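Coordinate analysis (summary)
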Amino acid sequence: DVKVTQSSRYLVKRTGEKVFLECVQDMDHENMFWYRQDPGLGLRLIYFSYDVKMKEKGDIPEGYSVSREKKERFSLILESASTNQTSMYLCASSSTGGEGVNSPLHFGNGTRLTVT
Amino acid sequence: GNSVTQMEGPVTLSEEAFLTINCTYTATGYPSLFWYVQYPGEGLQLLLKATKADDKGSNKGFEATYRKETTSFHLEKGSVQVSDSAVYFCALRTGGFKTIFGAGTRLFVKA
């Protein structure tokens with residue numbers, strides 16, 4: 001079974017802090033994603049990566065950056081945390097091969113970030 | 001642009017009741033359609049999918065049929081259980097990397 005592991009379940013940070021959210025997958029997937037989940041808004045894509053050192057902006061990249069130095073690890077960085085970044089953050093991965101566009105996303109359990 | 005609209009929740013049912021959660025989509029081209037489920041305290045997991053018109057996806061007693069003429073992918077289950085209480089997300093993907101999600105529908109099943 002694919003396992004996507006997010007390093008923290010809960011984080012509390014102060015406004016202005018630099019925040020790192022880490023995600024690791026163990027199935028050699030090419031693609032990795034960061035979403036945020038807010039009530040009534042569903043999941044919104046922040047950034048994704050289709051290869052090591054490659055990254056693409058999603059729908060809401062402002063205030064975030066990402067890093068993918070190794071295939072299995074994808075980090076989300078909040079450069080200067082703000083209260084409107086309080087949210088649930090979900091990491092996901094998927095394969096390019098096999099089912100291709102039909103291959104599903106595999107999610108981690110999420111990190112609930114509170115910025116005070 | 002591409003979008004997914006699903007019925008607002010919460011939906012509250014008694015055990016063994018019939019479930020329908022409506023989902024409609026707007027997309028260019030021929031998307032693949034998915035239902036994901038999120039149990040309390042967990043991330044999303046794939047429930048079922050359909051990749052072309054008239055395909056029926058099924059899993060754990062849940063079913064959904066890809067209806068191109070009505071651009072719909074409604075989720076159904078004949079007899080729900082308390083353990084089905086979760087949030088259900090309809091989603092689509094076209095040829096790129098991005099998956100577009102609906103807002104989610106929370107289901108409560110009472111014993």
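Everything here concerns the structure above.
Bear in mind the structure is a predicted one, so any value in this text is a computation, not a measurement. (Residues numbered from 1 in each chain as written. Chains lettered and ligands numbered in written order. Predicted model: local features only at pLDDT ≥ 70, side-chain atom pairs only at ≥ 80, totals over all residues. Heavy atoms only, no water.)

**Things to note about the overall build of chain A**
Counting secondary structure elements, chain A contains 0 helices and 11 strands. Reading the helices (α) and strands (β) of chain A from amino to carboxyl end gives β-β-β-β-β-β-β-β-β-β-β. Since a compact globule built from 116 residues should have a radius of gyration of about 13 Å, the 14 Å found for chain A is in line with a globular shape. With the principal axes as the frame, chain A shows a C-alpha extent of 45 × 30 × 25 Å. (Helix = DSSP H or I, 4+ residues; strand = E, 2+ residues; numbered from the N terminus. Rg over C-alpha atoms; globule rule 2.2 N^0.38 Å.)

**Overview of the pattern of salt bridges**
All names here are of chain A. For the structure on display, the rule yields 9 salt bridges over all chains. Notably, a salt bridge pairs Glu 69 with Lys 53, separated by 2.4 Å at the nearest N-O pair. Of this pair, Glu 69 sits in strand 7 (residues 64–70) while Lys 53 sits in the loop between strand 5 (42–49) and strand 6 (56–57), and the two are 16 residues apart along the sequence. Each member of the pair Glu 69 and Lys 53 is classed as exposed. Salt bridges sharing partners connect three or more residues here, namely Arg 36, Asp 38 and Arg 44. (Salt bridge = Lys/Arg side-chain N within 4 Å of Asp/Glu carboxyl O. Buried < 20%, exposed > 50% of the residue type's maximum accessible area, 1.4 Å probe, protein only.)

**Looking at the sheet that holds strand 8 (residues 62–65) of chain B**
All names here are of chain B. Taking strand neighbours across the sheet as the criterion, the 4 strands line up as 3-9-8-7 in an open arrangement whose pairing is antiparallel. The open sheet has two free edges, formed respectively by strand 3 (19–21) and strand 7 (56–59), since each of these has just one partner strand. Strand-to-strand twist of the sheet, defined as the mean angle between neighbouring strand axes without regard to direction, takes the value 15°. (Pairing = 2+ DSSP bridges. Axes fitted to C-alpha atoms, helices over the stretch in contact; angles between N-to-C directions.)

**As for the interface of chain B and chain A**
Listed as interface residues are 22 residues of chain B and, on the opposing side, 24 residues of chain A. Summed over both sides, the interface between chain B and chain A buries roughly 1800 Å², with carbon and sulfur atoms accounting for 55% of that surface. Counting the contacts that link chain B with chain A gives 1 salt bridge. Across the pair Asp 59 of chain A and Lys 98 of chain B runs a salt bridge, and its minimum N-O distance is 2.7 Å. Between the two partners, chain B and chain A, sit 7 residue pairs in polar contact (both at pLDDT 80 or more). Listing elements by their share of the side of chain B that touches chain A, those giving two or more residues are strand 5 (32–38), strand 6 (44–50), strand 10 (86–93) and strand 11 (99–101) of chain B. The dominant element in the side of chain B that touches chain A, judged by the number of residues it contributes, is strand 5 of chain B, at 4 residues. Residue classes in the side of chain B that touches chain A are distributed as 8 nonpolar, 10 polar and 4 charged. (Contact = heavy atoms within 4.5 Å. Buried area = accessible area lost by both parts, 1.4 Å probe. Polar contact = N/O pair within 3.5 Å; in protein donor to acceptor, adjacent residues only side chain to side chain. Nonpolar A, V, L, I, M, F, W, Y, C, P; charged D, E, K, R; others polar.)

**Observations concerning the pairing of strand 7 of chain B**
Residues and elements named next belong to chain B. Bridging between strand 7 and strand 8 involves 4 bridges; their strand directions are antiparallel. Pairing of Gly 57 across the sheet is with Ala 64, part of strand 8. With antiparallel pairing between neighbouring strands as the criterion, strand 7 and strand 8 make up a hairpin whose turn holds 2 residues, including Lys 60 at a positive phi of roughly 55°.

**Looking at the sheet that holds strand 3 (residues 19–25) of chain A**
Residues and elements named next belong to chain A. Here 4 strands make up an open sheet; going across it, the order is 1-3-8-7 and the pairing antiparallel. A strand with exactly one partner marks an edge of an open sheet, and here the two such strands are strand 1 (4–6) and strand 7. Neighbouring strand axes in the sheet, compared pairwise and without regard to direction, differ in orientation by 20° on average. Bridging between strand 1 and strand 3 involves 3 bridges; their strand directions are antiparallel. Note that in strand 3 the partner of Thr 5 across the bridge is Val 24.

**Overview of the state of the cysteines**
By the definition in use, this model includes 2 disulfides over all chains. The disulfide that involves Cys 23 of chain A links it to Cys 91 of chain A, with 1.9 Å between the sulfurs. Disulfide Cys 23 of chain A to Cys 91 of chain A: torsion about the S-S bond roughly -75°, handedness left-handed. Linking Cys 23 of chain A in strand 3 with Cys 91 of chain A in strand 9 (residues 87–94), this pair joins segments that are 68 residues apart in sequence. Under the relative-accessibility criterion, Cys 23 of chain A is labelled buried at 0%. A relative accessible area of 0% places Cys 91 of chain A in the buried class. Disulfide partner of Cys 23 of chain B: Cys 90 of chain B, at an S-S distance of 1.9 Å. Its torsion about the S-S bond being -70°, the disulfide of Cys 23 of chain B and Cys 90 of chain B is classed as left-handed. Of the two residues, Cys 23 of chain B is situated in strand 4 (residues 23–26) and Cys 90 of chain B in strand 10; the sequence distance between them amounts to 67 residues. (Disulfide = S-S within 2.5 Å.)

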